[in-house]
Amino acid sequence: MKVIVSGGAGFIGSHLVDALISKGMEVHILDNLVSGQKEYVNPQAHMYVVDIGSEEARKIIMEVRPDAVFHLAAQADVGKSVLYPRYDADINIIGTINMLEACHKAKVKKFIFASTSAVYGNLNRELLSEDEVTIPASYYGLSKLTAESYIRLFYELYRQPYTILRYANVYGPRQMAKGEGGVVAVFFDRIKKGGSINVHGDGKQTRDFIYVKDIVSANLAALTYGNQETIQISTSQKTSINEILSLISDIHGISVARGFTAAREGDIKHSCLCNKKAQHHLNWKPIYNIEDGLKETYAFNIKAESNVNEAKSND
Ligand code: NAD
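Residues numbered from 1 in each chain as written. Predicted model: local features only at pLDDT ≥ 70, side-chain atom pairs only at ≥ 80, totals over all residues. Heavy atoms only, no water.

Q: What's the story with the nonpolar core in this structure? I'm lost.
A: Inside soluble globular proteins, nonpolar side chains tend to come together where they are buried. In terms of nonpolar packing, the biggest core is built from 63 residues, with Leu 20, Val 27, Phe 70, Tyr 167, Ile 233, Leu 282 and Leu 294 touching the most fellow members. Sort the elements by how many residues they give to this core and helix H1 (residues 11-22) lands first, with 7 residues. Setting aside chain neighbours within four positions, we find Tyr 167 in contact with Ile 12, Leu 72, Ala 114, Ser 115, Thr 116, Ser 117, Ile 215, Asn 219, Ile 233 and Leu 273. Formed by 25 residues, the second largest nonpolar core is a distinct cluster that contains Ile 52, Ala 57, Ile 91 and Ala 106. (Core = buried A, V, L, I, M, F, W, Y, C linked by side-chain atoms within 4.5 Å. Buried < 20%, exposed > 50% of the residue type's maximum accessible area, 1.4 Å probe, protein only. Helix = DSSP H or I, 4+ residues; strand = E, 2+ residues; numbered from the N terminus. Contact = heavy atoms within 4.5 Å.)

Printed below as a string of structure tokens:
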């Protein structure tokens, strides 16, 4: 099977590429490396440094004629979208339309899209389901929601098959200490640099944290299942920022110093997504609990680094 992964040099995309290659697939990556890292790109993948909104990206899709396209490339920073709404829309809306047009022409059998819980905005419900009202509170949430609508219309008008996956807050190795849902990466970065951790608000706000490998397995399931569906990929478990900090302290073996600052304007108090539809339509459920996911992320971020430092000081 031949696939294209846009954003395949990024945090989630690079893990997806590794999994697809380990399953024996021919993988092509479209990524302009604006936030992606060359060193995370699997050497067995065909890498094209291109913008998803370009004519060149369309040509590559036409030439490769993949069976499926995973569209993960995006402007994924909520704060940046608020500062630069047009830039955000150019990538997340116009870029997605460019991909869709090329996929339709190349007769791609499945378009799998990385969407987000940000489409719901500040609903503050205990547990959100896919048919909840969507009132985005950022241009990022709005641009992803608009891209979703284009994908649905490309099916209605051109019969371009799709699955839309709305991810909860993803964390794991290779995540940069910024962007959407990057709180775990930010905390590990602070530990690495030896500083105290700054918590916005009282730390009692909760999120649905999902480990990156579970996001990868959901994407793989979408190759076969979930046709023309919009599905939340989540753990359905709430974890507070204070709980994350305690778990990190336990794993690290020493208490992590923390300070509290004023809550950020517009921050959502609680966000948790129901994953029943994913279990039913994708035949998928998450494997990782938060402790195991954090342990693997810690091993990547902190342990690996201190081993390198130890080796250096022994030289
Ligand atoms: P990331 O920034 O690590 O990855 C995005 C990748 O897209 C990067 O490699 C970047 O270089 C590439 N890219 C950006 N603009 C591009 C363009 N115009 N042309 C070509 N390539 C471009 O982000 P991530 O966290 O891995 O997110 C991947 C996807 O998952 C995004 O679509 C994001 O919106 C979605 N998502 C992420 C989370 C999360 O918690 N990380 C949650 C919900 C949804």
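Q: Looking at this structure, how should I read the state of the cysteines?
A: By definition, a disulfide links the sulfur atoms of two cysteine residues through a covalent bond. Using the criterion set out here, one finds 0 disulfides in the structure. No disulfide involves Cys 274; its nearest neighbouring cysteine sulfur is the one of Cys 272, lying 8.5 Å away. (Disulfide = S-S within 2.5 Å.)

Q: Is there a simple way to think about the packing of helix H2 (residues 55-64) against helix H4 (residues 85-105) in this case?
A: Helix-helix packing: each pair is described by the crossing angle between the helix axes and the interaxial distance. Look at H2 against H4: their axes get within 9 Å of each other, and the N-to-C directions meet at 25°. With respect to their mutual orientation, H2 and H4 come out roughly parallel. Considering how the two elements wind past one another, H2 and H4 form a crossing that is right-handed. Contacts from Arg 58, Ile 61 and Met 62 in H2 reach Asn 98, Met 99, Glu 101, Ala 102, Cys 103 and Lys 105 in H4. For the contact of H2 with H4, the per-class residue count stands at 5 nonpolar, 1 polar and 3 charged. (Axes fitted to C-alpha atoms, helices over the stretch in contact; angles between N-to-C directions. Parallel < 35°, antiparallel > 145°, perpendicular 65-115°, else oblique. Left-handed = near helix turned anticlockwise from the far one by under 90°. Nonpolar A, V, L, I, M, F, W, Y, C, P; charged D, E, K, R; others polar.)

Q: Hey, could you run me through the pattern of salt bridges in this one?
A: Oppositely charged side chains may form a pair once their charged atoms are brought near each other. Across all of its chains, the model carries 12 salt bridges by this definition. In this structure, the salt-bridge partner of Glu 126 is Lys 238, at a minimum N-O distance of 2.4 Å. Here Glu 126 is found in the loop between strand S5 (110-116) and helix H5 (139-158), whereas its partner Lys 238 is found in the loop between strand S11 (229-233) and strand S12 (239-240), with 112 residues between them in sequence. Taking relative accessible area as the criterion, Glu 126 reaches 58% and is therefore assigned exposed. Note on Lys 238: relative accessible area 36%, which makes it partly exposed. Glu 229 is the partner of Lys 277 in a salt bridge, and the nearest nitrogen-oxygen pair spans 3.0 Å. Here Glu 229 lies in strand S11 and Lys 277 lies in helix H9 (residues 276-282), a separation of 48 residues in the sequence. The exposure class assigned to Lys 277 is partly exposed, which follows from its relative accessible area of 23%. (Salt bridge = Lys/Arg side-chain N within 4 Å of Asp/Glu carboxyl O.)

Q: How should the packing of aromatic side chains be read in this particular structure?
A: Centre distance and the angle of the planes are the two values used to describe a pair of aromatic rings. A complete count under the given rule lists 6 aromatic pairs for this structure. On the basis of an interplanar angle of 45° and a centroid distance of 5.3 Å, the ring pair of Phe 154 and Tyr 158 is categorised as tilted. Note that Phe 154 and Tyr 158 are positioned in helix H5 at a spacing of 4 residues, about one turn of the helix. Where Tyr 171 meets Tyr 211, the ring centres are 5.5 Å apart and the plane angle is 55°; that geometry is what we call tilted. Residue Tyr 171 is found in strand S7 (residues 169-171), and its partner Tyr 211 is found in strand S10 (residues 209-211); the two are separated by 40 residues along the sequence. Neither residue differs from the other here; Tyr 171 and Tyr 211 are each classed as buried. In this structure an aromatic cluster arises from ring pairing among Tyr 171, Phe 209, Tyr 211 and Tyr 288. Residue placement shows Arg 159 over the ring face of Tyr 155; its charged tip is 4.5 Å from the ring centre. (Phe/Tyr/Trp six-rings, centres within 6.5 Å; stacked < 30°, edge-to-face > 60°. Lys NZ or Arg CZ within 6 Å of the ring centre and 35° of its normal.)

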